[in-house]
Amino acid sequence: MIELRDVTKVFPGGTRAVGGVSLDIGEGEFCVLLGPSGCGKTTTLRLINRLVPLTSGRITVGGHDVSTMRVTTLRRRIGYAIQEIGLFPHMTVAQNIATVPRLLGWRRRKRRERVRELLDLLGLTPVDEYLHRYPAELSGGQRQRVGVARALGANPAILLMDEPFGAIDPITRERLQDEFLRIQREIHKTVVFVTHDIHEAIKLGDRIALMKEGRLIQHATPSQLLAQPADDFVRGFVGTDRTLKALRLTNVREIMDAEPTVIGEEETLAAARQAMDALGRTALPVVDAGGAFLGWIERATASEGGSELVASRVTPYAVLGSPGMPLNEAVALMLESATGNLPVVDDERRLVGVVTFDRLFDQLRQSSAERVTPKELP
Amino acid sequence: MLSTTWRYLTSHWVYVGQLTVEHIRIVLIANGLAVVIGLTLGIFISKRGREGLAELVLHVAGILLTIPSLALYGILMAVLKSLGLMSIGLVPVVVALTLYGLLPILRNTTTAIRGIDAAMIEAGRGMGMSERQILWRVRIPLAVPAIMAGLRQAIVMNVGIAAIGAYIGAGGLGQLIFRGIANTRADLVLAGAICVSLLAVGLDVALGVVERLSTPRGIRREGRA
C-alpha cells in the first residue's frame, strides 16, 4: 500500500533527517515508526503526504508515485492526525470532522451522515450532544477523539498519525489506545503511527520500524523485535525488561491450563487432601455444582479435617483473571496472590482455566532468544 | 463655566447634533477606507516569505502616526493641490485619518494572521487545504477579533484627531473648539471637547460590543458552556 524506496531527506542547511530508508507497508497493516526524538520518524511520516518535500528516493501510495500527484489531492486521500490535534477552535465538532469531506465537495447530507457515523464510532455519544460543541468545550481525551474522527473524515484508506495520544494523561491514553485498536479491527486502515513509546508501539503495531539518526535499524513484528533485537541499539531501546514487555503480546487464554483439576464444594476435606497428594499440589481451586469458582482449598487446611465439607473451609479469593487478559497483567496479579496461581474465569465467573508460574516460565523461555531460566525471575 | 457650557449645549443642541453627525461621518469614511486598505495590505504582507516587507510597511505606518496631525494636514493639502484635487475641507482630513487608522489595523491583522497556532495550520495543510483555503477558513476567521480590536483603536483615536480637521474646513465638532479659541469663549471650547470625548467613549463601548459579537463562538472566553 505504501512503499518507501531509498528515501532521503536533507534539510536546507545540510541536516540529514532521513537517510536511505526503504519500507513496505501492506494494506491494512498497522506500522509503527518508533525511535528516540530526532531519529527522523516524524519526517519520514511527513514525507508520505509531502508536508516535507523529498530530497531523493521514491514513495508510492497505492502504486502511485506521490510526487506526481497533486499535493492537495494526495493529502485529501490520506487521513492525518497529530499530537497537538490542531482542531479548529472556531468550528464546531461537526464542522471540524467534515473538513476533508467539505474540501472534496461532498453534499451536506452525506457530510452530516458521515459525521454522525464517526462520532458514534469513536464513542462520542450521544452524538447530538457533541455535534455542535466547540473544541474548547471538550476534555483533552474527547478532543483527541475528534482529531482521530477528523482524520477518518472522508474515509481514507491510509491514516498517518503523529503521536496522536502523546499529550494526554496515561489512563486516558491507555483507553484511547484500546479503543483505537477496537476501531482498527473494524475499519482495517493502513496506519502509519509515529511514537517514541515502546509500550505503545508493542501494543498497537503489527510491525515496528525502529529508527535511529535517520536510518531504519529494524523492521519487524513486535515479538521479533523483542526476541531478536538486531543490534545493541535496539536491545537498549526495547529495554532490559523486554522479556516482560513481550508478555503483553500473549493473552491468558494461550497459556492457561484449560482443564485444571478442581474439587467440588460438596466433597470432603479428606478427598481434597487425597487429590492434592496424588497431584503433588499445595492447593486446589474449589467450584460449585455449576462450575463457578469459589476460592482455594489449601493443603494445610485440608489436613485438619476429615469428613468436613470443602465448602466450610474455602479461602475466598478475589484476584481473578480473564481469558483475554494480556500476560503482563496476569503476572502482576499472580505476584500479588499468595498461591502464585491465577484462576481464570469467564463472564459468569465459571472457572475456565488456571495460570501457574510453571506455564508462564515455559512461555518466557519460548519468547526469549537468550533463554531466561526460572531462577532468574523473582 | 460649566454652567455656561451646559447652557450652550442645551440651547444649541440641533447645531451640536449636526456637528456630531459630521464628525462621525468623517471618522467612519476614513476608517472604512483604512479597513479596506489595512486588511488587503495586512493579508498581503502576512504571507510567508514577506516578513521583510511586513516590517517595512509597519515601520512606515508607525512613522506616519508620529507626524503631528496639523503638519500632516498641511502636507496633504500641498500634495492634493499639486494633484489637482480638493485641497481643503473633507478630502485632506479623510486622507490623513485613513493614514493614521492604518497602523493599528495593519499591525493587528498581521500579528493575528501570523500568530495562528502552527499545529492548526499544519493540520489544515495535512488534510489537503490549499494555502488560500487555510487563509480564508482558518487564519482570517481566527484573526477577526484582533482585527476588530485594531479597528476600534483606530476609530477612537481618530475621533480626537478629526477635531483638528475643522481647522482646514472639514467641519465636525472641532469647529466648536476653534470658534471658542478664536473668540476666547472657554465654554465653546469645553462644549466641543466634552462632545468629542463623549463620542470617543460612546464609540469605544459600542465597538466593544461589536468586537465581542464578531468573535467566533468557539473562541469567545465566555463560550465555554
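If you're wondering where the values come from, they're calculated on a predicted model, not measured in any experiment.

Participant: Go over the overall build of chain A, please, and point to the residues and values.
Facilitator: Counting secondary structure elements, chain A contains 17 helices and 16 strands. Once the C-alpha set of chain A is aligned to its principal axes, its extents read approximately 85 × 50 × 30 Å.

Participant: Go over the nonpolar core, please, and point to the residues and values.
Facilitator: One finds L33, V192, F193 and A209 of chain A together with L97 of chain B to be the most contacted residues of the largest nonpolar core, which totals 155 residues. Considering every element that reaches this core, the biggest residue donor is helix α7 (residues 131–164) of chain B, with 14 residues. Residues from two domains meet in this core; each of domain 1 (2–240) and domain 2 (252–366) of chain A gives at least three. Beyond its immediate sequence surroundings of up to four residues, A209 of chain A is in contact with L23, C31, V32, L33, L34, L216 and H219 of chain A.

Participant: Give a description of the domain arrangement of chain A that names residues and reports values.
Facilitator: We note that the domain assignment places domain 1 (2–240) and domain 2 (252–366) within chain A. Its C-alpha centre places domain 1 of chain A at a distance of 44 Å from the equivalent point of domain 2 of chain A.

Participant: Describe in detail the packing of helix α1 (residues 2–11) of chain B against helix α9 (residues 186–214) of chain B, supporting the description with residues and values.
Facilitator: All names here are of chain B. Relative to each other, α1 and α9 sit at 65°, their axes nearing to 9 Å. Viewed along their axes, α1 and α9 adopt a mutual orientation that is roughly perpendicular. Note that α1 runs across α9; the crossing there is right-handed. Touching T4, T5, Y8 and L9 of α1 are D187, L188, L190 and A191, all from α9.

Participant: An account of helix α5 (residues 108–121) of chain A is needed here, citing residue identities and associated values.
Facilitator: All names here are of chain A. Given a rise of 1.5 Å per residue, 14 residues ought to cover 20 Å, and the 20 Å separating the end C-alpha atoms of α5 matches this to within 8%. Taken together, the buried positions of α5 are occupied by R111, R114, V115, L118 and L119. The arc enclosing the buried residues of α5, seen along the axis, measures out at 130°, which places them on a common side. Facing away from the buried surface of α5 by more than 90 degrees, the exposed residues are R109 and K110. Those residues of α5 that are buried are in contact with α3 (93–97), α4 (99–103), α6 (127–131) and α7 (140–151). With its phi angle positive at about 75°, G123 sits one or two positions after the end of α5.

Participant: Can you break down the environment of A220 of chain A residue by residue, with the values?
Facilitator: Residues and elements named next belong to chain A. Tracing the backbone through its elements, the reader meets A220 in strand β10 (residues 215–220). Accessibility expressed as a C-beta count within 10 Å gives 18 for A220, which makes it partly exposed. Separated by 12 residues in sequence, A220 and I208 have C-alpha atoms that sit 5.5 Å apart. The residues touching A220, leaving out its near neighbours within four places in the chain, are R207, I208 and L225.

Participant: Hey, could you go over the sheet that holds strand β1 (residues 2–10) of chain A for me, with residue numbers and the actual values?
Facilitator: In a beta sheet, neighbouring strands pair by backbone hydrogen bonds and run either parallel or antiparallel. Residue and element names in this part refer to chain A. Read across the sheet, 4 strands follow the order β2-β1-β4-β5 without closing on themselves; strand pairing throughout is antiparallel. The open sheet terminates on both sides in strands that have one partner only, identified here as β2 (16–25) and β5 (64–65). Sitting on the sheet, helix α1 (residues 41–48) is in contact with β1, β2 and β4 (56–61), with an inclination near 60° to β2.

Participant: Tell me about the interface of chain B and chain A, and name the residues and values.
Facilitator: A common measure of how large an interface is: the accessible area buried when the components associate. Of the residues lining the interface, 20 residues belong to chain B; the matching set on chain A comes to 21 residues. Of all elements in the fold, only α6 (118–126) and α7 of chain B reach the threshold of two or more residues within the side of chain B that touches chain A. In terms of residue count, α6 of chain B provides more of the side of chain B that touches chain A than any other element does, 6 residues in total. Residue classes in the side of chain B that touches chain A are distributed as 11 nonpolar, 5 polar and 4 charged.

Participant: Give me the sheet that holds strand β6 (residues 78–82) of chain A: which residues, what numbers.
Facilitator: Residues and elements named next belong to chain A. With mixed pairing, the 6 strands of this open sheet are ordered in space as β6-β7-β8-β3-β9-β10. The outermost strands of the open sheet, each flanked by one partner alone, are β6 and β10. The mean angle between the axes of side-by-side strands here comes to 15°, regardless of whether they run parallel or antiparallel. Of the strand pairs in this sheet, strand β3 (residues 30–34) and strand β8 (residues 190–195) are connected by 5 bridges, and their pairing is parallel. Note that in β8 the partner of F30 across the bridge is V191. Across the sheet, α7 lies against β6 and β7 (158–162), angled at about 160° from β6, the strand it touches most.

Quick notes on the rules
- Residues numbered from 1 in each chain as written.
- Chains lettered and ligands numbered in written order.
- Predicted model: local features only at pLDDT ≥ 70, side-chain atom pairs only at ≥ 80, totals over all residues.
- Helix = DSSP H or I, 4+ residues; strand = E, 2+ residues; numbered from the N terminus.
- Core = buried A, V, L, I, M, F, W, Y, C linked by C-beta atoms within 7 Å.
- Buried ≥ 20, exposed ≤ 12 C-beta atoms within 10 Å, placed from the backbone.
- Domains from an automatic or database assignment.
- Contact = placed C-beta atoms within 7 Å.
- Axes fitted to C-alpha atoms, helices over the stretch in contact; angles between N-to-C directions.
- Parallel < 35°, antiparallel > 145°, perpendicular 65-115°, else oblique.
- Left-handed = near helix turned anticlockwise from the far one by under 90°.
- Expected span 1.5 Å × (residues − 1).
- Arc of directions from axis to C-beta.
- Pairing = 2+ DSSP bridges.
- Nonpolar A, V, L, I, M, F, W, Y, C, P; charged D, E, K, R; others polar.

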